[in-house]
Amino acid sequence: IAQRETFLRWLMAGVILIGTLVSGALGLLLAGRLIAPVQRLAQWVEASAPPRRDNRLRTHFANDEVGALAVAFEHYQARLDAFLTRERKFTADTSHELRSPLSVIQASVDLLAEDPTVSLPGQRAIERVRRRTTELTDLLDALLYLARHETDMAIVAEPVPVWAIWQHLVDEQMQATSTSVQLHGDASVTVLAPPRAASLVFGQLLRRAVELSNGAAVSVAITFAGIELSPWPEAGEKTPPNVDQQRSDNGFGLTLISRLCERLGWTMRWPQQPGEPLTLTFADSSHA
């Protein structure tokens, strides 16, 4: 009797163990078969893009809950494609409709500037119009760049010589104002970015630094990690701690510069203490 009881105990333990393993395996197999349509739908959503979109998604699934999700995703993708198409058309039309009058204004201003009969106050007014037209052109380029789809950035990005761009900007700035700008660092620094967007960020930062320097010399340090501009006003005075709330009626605002940097993958650190420089850190830089 004792031997039979021992045998029965081992038999029950073996039955329980084998039953647990078999039920677990069957459960995993059944769960895998049940969630296979959901996994296929998730893979389609992950790999879906307008050029490769499957317009017959609903035909790949049964008429059940997963099929209803597939139909909903297909309708959502169609609405998203229509929205992206309208956005691209809008940005293209905006670029054409705004660039044309700006080009006409710029050409007319250039002709007026060459007229020797224009008085000195008139020349100053012409120069102001020319400067504002250039700022509007830069602002249009920045807004159109921010409005484009994220995948467009990889197409236009290329190695940009940072030192050469800053040298050109400094030469132009020295002709416009008497503020001294000194470049320091490595002339071989390059960064992967759209050239026009990088020039916009660098140019607007330099212009803002000169405006806020109160005539003091501006120092620009260029390294492989990023750029430092000094001096910069204290955070509590002219540069608010919350840059997202900054607005400006004079050219670019700090918010737009920050958004351009965010789109490029760059990090901008505003001074937190008096005497600290403004730091712009690149996402990726390399030797020329």
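Residues numbered from 1 in each chain as written. Predicted model: local features only at pLDDT ≥ 70, side-chain atom pairs only at ≥ 80, totals over all residues. Heavy atoms only, no water.

### Looking at helix α7 (residues 254-264)
Next, step 1: Taking burial as the measure, the 11 residues of α7 include 9 buried ones, the bulk of the element.
Next, step 2: The set of residues buried in α7 consists of L254, T255, L256, I257, S258, L260, C261, R263 and L264.
Next, step 3: A positive backbone phi angle near 85 degrees is found at G265, which sits one or two residues after α7. (Buried < 20%, exposed > 50% of the residue type's maximum accessible area, 1.4 Å probe, protein only. Helix = DSSP H or I, 4+ residues; strand = E, 2+ residues; numbered from the N terminus.)

### Some details on the packing of aromatic side chains
Next, step 1: By the definition in use, this model includes 4 aromatic pairs.
Next, step 2: Taken together, a centroid distance of 5.6 Å and an interplanar angle of 10 degrees make the contact between F202 and W266 stacked. Placement of F202 in helix α6 (residues 195-212) and of W266 in the loop between α7 and β6 (267-269) is noted, with a sequence separation of 64 residues between them.
Next, step 3: On the basis of relative accessibility, which here comes to 0%, the residue F202 falls in the buried class. (Phe/Tyr/Trp six-rings, centres within 6.5 Å; stacked < 30°, edge-to-face > 60°.)

### A short note on the layout of surface pockets
Next, step 1: Considering only enclosed or pocket space, the largest pocket measures out at about 840 Å³ in volume.
Next, step 2: Lining the largest pocket are 21 residues, with R131, T134, E172, Q173 and R207 positioned closest to its centre.
Next, step 3: Element by element, the count of residues in the lining of the largest pocket is highest for α6, at 9 residues.
Next, step 4: The residue inventory of the lining of the largest pocket, partitioned by class, reads 5 nonpolar, 7 polar and 9 charged. (1 Å grid on protein atoms, 1.4 Å probe; cavity = no way out; pocket = protein on both sides within 12 Å on 5 of 7 lines; lining within 4 Å. Points joined across faces, edges and corners; volume = space filled by probe spheres on them. Nonpolar A, V, L, I, M, F, W, Y, C, P; charged D, E, K, R; others polar.)

### Some remarks on the packing of helix α3 (residues 120-147) against α6
Next, step 1: Interhelical geometry of α3 versus α6 gives an angle of 130 degrees and a closest axis separation of 10 Å. Classed by the angle they form, the pair α3 and α6 counts as oblique. In this structure, α3 crosses over α6, and the sense of that crossing is left-handed. Contacts between α3 and α6 pair E135, D138, D141, A142 and Y145 from the former with R196, A197, L200, Q204 and R207 from the latter.
Next, step 2: When its residues are assigned to classes, the contact of α3 with α6 shows 4 nonpolar, 1 polar and 5 charged. (Axes fitted to C-alpha atoms, helices over the stretch in contact; angles between N-to-C directions. Parallel < 35°, antiparallel > 145°, perpendicular 65-115°, else oblique. Left-handed = near helix turned anticlockwise from the far one by under 90°. Contact = heavy atoms within 4.5 Å.)

### What about the pairing of strand β7 (residues 278-281)?
Next, step 1: Taken together, the 4 bridges between strand β5 (residues 226-230) and β7 define a ladder with antiparallel strand orientation. Paired with E228 across the two strands is T279, which belongs to β7. (Pairing = 2+ DSSP bridges.)

### Comments concerning a nonpolar patch on the surface
Next, step 1: On the surface, F7, L8, L11 and V15 cluster together into a nonpolar patch covering about 400 Å² of accessible area.
Next, step 2: With respect to the element layout, L11 can be found in helix α1 (residues 2-47). (Patch = residues over 30% accessible without salt bridge, like charges linked within 9 Å, V, L, I, M, F, W, Y side chains within 5 Å. Areas by Shrake-Rupley, 256 points an atom, 1.4 Å probe, with all protein chains shown as cover. Salt bridge = Lys/Arg side-chain N within 4 Å of Asp/Glu carboxyl O.)

### Side note on the pattern of salt bridges
Next, step 1: Under the definition given, this model contains 3 salt bridges.
Next, step 2: R130 is the salt-bridge partner of D110, the closest N and O atoms lying 3.3 Å from each other. Remark: R130 occurs in helix α3 and D110 occurs in helix α2 (residues 65-113); sequence separation between them is 20 residues.
Next, step 3: The exposure class of D110 is partly exposed, given its relative accessible area of 29%.
Next, step 4: Put simply, E127 and R130 hold a salt bridge, and the shortest N to O gap is 3.7 Å. One end of the pair is E127 and the other is R130, both in helix α3 and 3 residues apart, which spans about a single turn.
Next, step 5: Given a relative accessible area of 37%, E127 falls into the partly exposed group.
Next, step 6: What makes R130 partly exposed here is its relative accessible area of 25%.
Next, step 7: Each of D110, E127 and R130 takes part in a single network of salt bridges with overlapping partners.

### A word on the environment of F282
Next, step 1: Topologically, F282 is positioned in the loop between β7 and β8 (285-287).
Next, step 2: Spatially, the C-alpha atoms of F282 and T267 are 6.7 Å apart, while their sequence positions differ by 15 residues.
Next, step 3: Dropping the residues within four chain positions of it, F282 is found in contact with V162, V189, V191, F202, T223, F224, A225, G226, I227 and W266.

### Quick notes on the environment of A216
Next, step 1: Looking at where A216 falls in the secondary structure, it is placed in the loop between α6 and β4 (218-222).
Next, step 2: In this structure, the C-alpha to C-alpha distance between A216 and P231, residues 15 residues apart in sequence, is 8.1 Å.
Next, step 3: The residues contacting A216, other than those within four sequence positions of it, are T179 and S180.

### Some details on the sheet that holds β7
Next, step 1: Across the sheet, 5 strands lie side by side as β2-β4-β5-β7-β6; this open sheet has mixed pairing. Edge positions in the sheet fall to β2 (181-185) and β6, since each of these pairs with one other strand and no more. Going across the sheet, the axis of each strand differs from the next one's by a mean of 15 degrees, ignoring polarity.
Next, step 2: Bridge count between β4 and β5: 4 bridges; the pairing is antiparallel. Looking at the pairing, A221 lines up with E228 of β5.

The values reported here are purely geometric and, on their own, carry no functional implication.
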